[in-house]
Structure formats: C-alpha cells, structure tokens
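Okay, here's what each chain looks like letter by letter:
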Amino acid sequence: MIEIDFVGSQQGNGTVSNSYSPRLRHAVIHYQGFTLGQTWSTLVNTSAFPETANLGGPLIGESMVRQALVRYSSNNWQFSLENPNTYGTDAKGKPLSKADDVVPDAVIRFNISGDWGNISVATLVRQLSASDSDQTLALGGSIAGKILVGRQDDLRFVLSHGNLGRYFATGGIQDIYRDQVETSSGGMMAYRHYWNDSLRSTLFYGRSLSDIQQVDRSHYGINLFTNFTPALVIGAELGRYRVDDGQPAWGLNDGSNYQGASDYLQLIMQYSF
C-alpha cells in the first residue's frame, strides 16, 4: 500500500502554475503477520483520533508518528523495531547530531477489542544519543482507545507518560532538552455525539506537559459535521490553542519563552472516494 498527499510542498506558487510536489505518507507491505515499510508507529492507535477539522484533532496531547519499521502481530500482541531519531538540543542549545542513532526503537503493544470498542496499551523502549555520545535508555508508555457509547456516540482518549519525546505532542516536546532526557505527560479526550443519523459534533481537549523544558500546551474545541451526500462531508470547528512554556524556546535568540494563545474558526469540506 502506498499513500501520498501534497501537504508542505515548497514548489507551489501563484505566479504561473501553482504546482505541488507529492509527499510520501505510507509505503508498506503486509504479509503473514508482518508489516514492513513506512507507516504509523506501533505506539499510535489511529482509532483514537477524533473527528475534527484537522487530522487527528488536538495533536498536542496525542501520538502521531509515521516512520520506517518492521512489525510482527500475533493475536492481541504487536512487536516492532522502528526508525531511531534523537530529537533535541545539546548543552548549548544546538540541534543534536543523528550520527549515533543506530539502535532501533522498540515498541510492545497489547490490544483489547470488542463490540464496546477497543483499548491499546503500548510501551516504548529506546536508546537516546546525547551530545557527548553517551547512550541513555529511555522508557515511555501510552494507553489509547475508542469506547462506544449508546447507539452511535463514542469516547476517544490517549494518556501518555515517560521519555516519549518526539513520539508525543507531534514534535512539541523534545527527546533531549539541553543535554537532559525529557519526561512528558499528557493526553487527549474527545466525545462525539450524533444529533441524528448524519449530524454530529465532537467536543475535545488535549494537553501536554514536560519536566525540563516546562512545556505546557493545550488545545480544545467543538465542531459540527454533516454528510451533504454519502461521500461529501461539510462542517465547522471553533477552538483555542494555548502555549505557556516555562523555558526559553528553541530558536528564539532573545531568550524569550513560547507564550500566547490563538482562537480559530475553521470550515471544512471533505470528499471520500
């Protein structure tokens, strides 16, 4: 299976052709319990992604990583070796080198599912490379799932803690901050309610915290979606994103912190084929 999109292209401009370069999302082979290629990390439970205007909803409180991996699935268990990548800064605040990232990240996940929904429990074990080439063992865990409520409603959630770094908050928290291994905590909850067979709303909240960089970021919102036709979804979402970090931000030369908030109203039209 191969999947592409056109997000983040540097080629597009409005001068003449407004062309866009494709971006690879997934390129994966499934064979007799094995998954090989680039796809969602085993830590990610995609069924926990809420229905929102942006893919995944409040990603600041979730795990969203796609990367190269080898995974074996047997009954309720999944075991994987995945691409290592130490994301962070050295003692002087400069980006770390990736030259020492040679030991694959390991994920062990247990899935429970039924007519009521599903829950996954995952553990991440990896070796992080600090600026002085010291190798540090890092551990983290996540519980995620989707629980059906009544005839159509559902509750989706993610709870995470540990040395998750880049696996959590979609790049909002580093693996190593100024030569120290970061510990993060946070999660997301979203409740989707159907007003009728087509009209539905999702109320969501996500937050991430870290110990060393003192990251404190949150995102909440509410939306309204409906199927204009079986294939065409239209909707609107109102939300707020807040940042209140306690340490100087990476890349800000004046030593200031990331602080502030943004309110938004977003309209969406989605055609499935």
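Scroll up for the structure.
This one's a predicted model, so the numbers in the text were calculated from it and none came from an experiment. (Residues numbered from 1 in each chain as written. Predicted model: local features only at pLDDT ≥ 70, side-chain atom pairs only at ≥ 80, totals over all residues. Heavy atoms only, no water.)

Draft legend 1. Molecular detail of the overall build of the chain. On a plain count of helices and strands, the chain comes out with zero helices and 16 strands. In summary, the chain has a C-alpha radius of gyration of 20 Å against a globular reference of 19 Å for 273 residues, a match within 12%. Referenced to the eigenvectors of the C-alpha coordinate spread, the extents of the chain come out at roughly 60 × 50 × 40 Å. Burial analysis of the chain (273 residues in total) assigns 42% to the buried set. (Helix = DSSP H or I, 4+ residues; strand = E, 2+ residues; numbered from the N terminus. Rg over C-alpha atoms; globule rule 2.2 N^0.38 Å. Buried < 20%, exposed > 50% of the residue type's maximum accessible area, 1.4 Å probe, protein only.)

Draft legend 2. Representation of the pattern of salt bridges. Using the criterion set out here, one finds 15 salt bridges in the structure. A salt bridge links Asp 154 to Arg 156, with the nearest nitrogen and oxygen atoms 2.9 Å apart. For the pair Asp 154 and Arg 156, one class covers both residues: buried. Salt bridges sharing partners connect three or more residues here, namely Glu 51, Asp 154, Arg 156, Arg 192 and Arg 200. (Salt bridge = Lys/Arg side-chain N within 4 Å of Asp/Glu carboxyl O.)

Draft legend 3. Representation of a nonpolar patch on the surface. Residues Ile 29, Tyr 31, Phe 34, Leu 36, Val 70, Tyr 72, Trp 77, Phe 79 and Ile 108 make up a contiguous nonpolar surface patch of about 870 Å² in total accessible area. Classification of Ile 29 by relative accessible area gives exposed; the value is 56%. (Patch = residues over 30% accessible without salt bridge, like charges linked within 9 Å, V, L, I, M, F, W, Y side chains within 5 Å. Areas by Shrake-Rupley, 256 points an atom, 1.4 Å probe, with all protein chains shown as cover.)

Draft legend 4. Structural detail: the nonpolar core. In this structure, Leu 43, Ile 60, Val 65, Val 107, Ala 122, Leu 124, Leu 164, Tyr 167, Phe 168, Ala 169, Ile 173 and Val 215 together form the largest nonpolar core, which totals 12 residues. Excluding residues within four positions of it along the chain, Val 107 makes contact with Thr 42, Leu 43, Gln 78, Phe 79, Ser 80, Glu 82, Ala 122, Thr 123 and Leu 124. Ranked by size, the runner-up nonpolar core spans seven residues in total, among them Ala 48, Val 158, Met 188 and Tyr 264. (Core = buried A, V, L, I, M, F, W, Y, C linked by side-chain atoms within 4.5 Å. Contact = heavy atoms within 4.5 Å.)

Draft legend 5. Examining the environment of Leu 59 more closely. Considering the arrangement of structural elements, one finds Leu 59 in the loop between strand E3 (34–40) and strand E4 (66–74). C-alpha separation for the pair Leu 59 and Arg 207, spaced 148 residues apart in sequence, amounts to 8.7 Å. Setting aside residues no more than four positions away along its own chain, Leu 59 makes contact with Met 64, Ala 169 and Thr 170.

Draft legend 6. The pairing of strand E5 (residues 77–82), seen in detail. Where burial is concerned, the two faces of E5 differ: the one with Gln 78, Ser 80 and Glu 82 is buried and the one with Trp 77, Phe 79 and Leu 81 is not. In sequence, E4 turns back onto E5 through a hairpin of two residues, with Asn 75 there showing a positive phi of about 55 degrees. Of the strand pairs in this sheet, E5 and strand E6 (residues 105–114) are connected by six bridges, and their pairing is antiparallel. Opposite Gln 78, over in E6, you have Arg 109 as the bridge partner. (Pairing = 2+ DSSP bridges.)

Draft legend 7. Highlighting the packing of aromatic side chains. One pass over the full model with this rule turns up five aromatic pairs. Where Phe 34 meets Tyr 72, the ring centres are 4.9 Å apart and the plane angle is 50 degrees; that geometry is what we call tilted. Of the two residues, Phe 34 is situated in strand E3 and Tyr 72 in strand E4; the sequence distance between them amounts to 38 residues. Assessed through its relative accessible area of 34%, Tyr 72 is described here as partly exposed. Aromatic side chains Trp 77 and Phe 110 sit 4.8 Å apart centroid to centroid with 55 degrees between the ring planes, which places their arrangement in the tilted category. Here Trp 77 is found in strand E5, whereas its partner Phe 110 is found in strand E6, with 33 residues between them in sequence. Under the relative-accessibility criterion, Trp 77 is labelled partly exposed at 41%. Aromatic rings pair up to connect Trp 77, Phe 79 and Phe 110 into one cluster. Directly above the ring of Trp 40 sits Arg 66, whose terminal nitrogen or CZ lies 5.0 Å from the centroid. (Phe/Tyr/Trp six-rings, centres within 6.5 Å; stacked < 30°, edge-to-face > 60°. Lys NZ or Arg CZ within 6 Å of the ring centre and 35° of its normal.)

Draft legend 8. The arrangement of unusual backbone geometry in detail. With a phi angle near 55 degrees, Asn 75 is a residue other than glycine that sits in the positive phi range. Tracing the chain through its elements places Asn 75 in the loop between E4 and E5. Backbone geometry at Asp 179 places phi at a positive 70 degrees, although glycine is not the residue there. Counting through the fold element by element, Asp 179 comes out in the loop between strand E10 (176–177) and strand E11 (180–181).

Draft legend 9. Spotlight on the environment of Tyr 177. Relative to the helices and strands, Tyr 177 resides in strand E10. Distance in space between the C-alpha atoms of Tyr 177 and Tyr 87 is 8.8 Å, their sequence separation being 90 residues.

Nothing here speaks to function; it is all geometry.
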